[in-house]
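# Remarks on the overall topology
The residues making up each chain are set out below.
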Amino acid sequence: YGNLYSTKMGALGQYPEEEMLARLDAEVKKWELADPETPVMPALHYIAVVAQAGAGESGLYRSRMPDSEIDKVLKMAEKINAIVFLDIQVGFSDLQTEVPYFEKYLKLPNVHLGLDPEFSMKTGIPPGKVVGTFDAEDINFAADYLAKIVKENNLPPKILVVHRYTQKMLTGYKEIKPLPEVQI
């Protein structure tokens, strides 16, 4: 998890590539030892849209990472046969704007999606001041979008990770619709 521009957002930016991959491999080995019957697949979870304390040029309190940085993560993943999660922190934007921006990557069979409700600032308060929220409607949009990509490109199911550490950061969660094309 992390961002290549930050040493404080997680291991993906905290350590040089070779050290980070070695640490991940050590963790994979622990999981394999704990449950030899279940295959373990490493994953790199890259924050591709980072919430910002300031409005920035867009006024949306978020910064999209350039393709060159996402491509670096994809090359790292290729070295270790890992899947990749592109993580989105929308700030004042929304999933309807941000998810389609990454469609070319989401069409790849090993690229999946992560969502951070914490940084979805529907109240107009800048990120980092309060915990944000997504609603089931937001999650259903992302899942439907991924399902469409899966169907149109004959892909294996996508994984949609929704970060949640408080009850209130995901409202209406009982209304999230399961889909065969997306594992939520």
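For the structure itself, consult the block above.
Residues numbered from 1 in each chain as written. Predicted model: local features only at pLDDT ≥ 70, side-chain atom pairs only at ≥ 80, totals over all residues. Heavy atoms only, no water.

### Overview of the pairing of strand β1 (residues 43–51)
Of all 9 residues in β1, 8 are buried; the element is thus mostly enclosed. In the sheet, β1 pairs with strand β3 (residues 83–88) via 6 bridges, with the strands oriented parallel. Across the sheet, residue valine 49 finds its bridge partner in β3, namely isoleucine 88. The sheet contact formed by β1 and strand β2 (residues 62–64) spans 3 bridges and is antiparallel. Paired with valine 49 across the strands is arginine 64, a residue of β2. (Buried < 20%, exposed > 50% of the residue type's maximum accessible area, 1.4 Å probe, protein only. Helix = DSSP H or I, 4+ residues; strand = E, 2+ residues; numbered from the N terminus. Pairing = 2+ DSSP bridges.)

### As for the nonpolar core
Of all hydrophobic cores here, the largest spans 45 residues; its most connected members are Leu86, Ile88, Phe102, Leu113, Leu115 and Leu160. Within the residue set of this core, elements represented by two or more residues are α2 (17–34), β1, α3 (67–80), β3, α4 (95–101), α5 (103–106), β4 (111–115) and α6 (136–153). Top element by residues in this core is α6. It accounts for 9 residues. Those residues in contact with leucine 160 that sit more than four places away from it in its chain are Leu113, Leu115, Ile139, Ala142, Ala143, Leu146, Val182, Gln183 and Ile184. (Core = buried A, V, L, I, M, F, W, Y, C linked by side-chain atoms within 4.5 Å. Contact = heavy atoms within 4.5 Å.)

### Some thoughts on the packing of aromatic side chains
Overall, the coordinates contain 3 aromatic pairs when judged by the stated rule. Ring centres 4.3 Å apart and planes at 40° place the aromatic pair tyrosine 61 and phenylalanine 92 in the tilted group. Of the two residues, tyrosine 61 is situated in the loop between β1 and β2 and phenylalanine 92 in the loop between β3 and α4; the sequence distance between them amounts to 31 residues. Overall, the relative accessible area of 17% leaves tyrosine 61 in the buried class. A ring pair is formed by phenylalanine 141 and tyrosine 145, whose centres lie 5.9 Å apart and whose planes are at 40°; its orientation type is tilted. Here tyrosine 145 and phenylalanine 141 lie together in helix α6, a separation of 4 residues that amounts to about one turn. On the accessibility criterion, tyrosine 145 (13% relative accessible area) is buried. Its guanidinium or amino end placed over the ring of tyrosine 101, arginine 64 lies 3.9 Å from that ring's centre, counting from NZ or CZ. (Phe/Tyr/Trp six-rings, centres within 6.5 Å; stacked < 30°, edge-to-face > 60°. Lys NZ or Arg CZ within 6 Å of the ring centre and 35° of its normal.)

### With respect to the environment of isoleucine 159
Relative to the elements of secondary structure, isoleucine 159 occurs in strand β6 (residues 158–162). Of the residues examined, isoleucine 159 reaches a relative accessible area of 23% and is grouped as partly exposed. Apart from the residues lying within four places of it in its own chain, the contact partners of isoleucine 159 are Ile83, Phe85, His112, Leu113, Leu146 and Gln183.

### Focus: the pairing of β3
Burial runs high along β3: 6 of the 6 residues are buried. Side chains Ile83, Phe85 and Asp87 project from β3 onto one buried face, and the interleaved Val84, Leu86 and Ile88 project onto a second face that is buried too. Pairing between β3 and β4: 5 bridges, direction parallel. The residue bridging isoleucine 88 from the neighbouring strand is leucine 115, located in β4.

### Topic: the pattern of salt bridges
Here the structure, examined in full by the defined rule, presents 13 salt bridges. Through salt bridges that share partners, Glu17, Glu18 and Lys79 make up one connected network. (Salt bridge = Lys/Arg side-chain N within 4 Å of Asp/Glu carboxyl O.)

### A word on the packing of α2 against α3
Where α2 meets α3, the axes come as close as 11 Å, and the angle between the chain directions of the two elements is 45°. One way to sum up the angle between α2 and α3 is to call them oblique. Crossing hand, α2 versus α3: right-handed. In this structure, α2 uses Glu17, Glu18, Met20, Leu21 and Leu24 to contact α3, whose residues at the interface are Met76, Lys79 and Ile80. When the residues that make up the contact of α2 with α3 are grouped by side-chain class, the tally is 5 nonpolar, no polar and 3 charged. (Axes fitted to C-alpha atoms, helices over the stretch in contact; angles between N-to-C directions. Parallel < 35°, antiparallel > 145°, perpendicular 65-115°, else oblique. Left-handed = near helix turned anticlockwise from the far one by under 90°. Nonpolar A, V, L, I, M, F, W, Y, C, P; charged D, E, K, R; others polar.)

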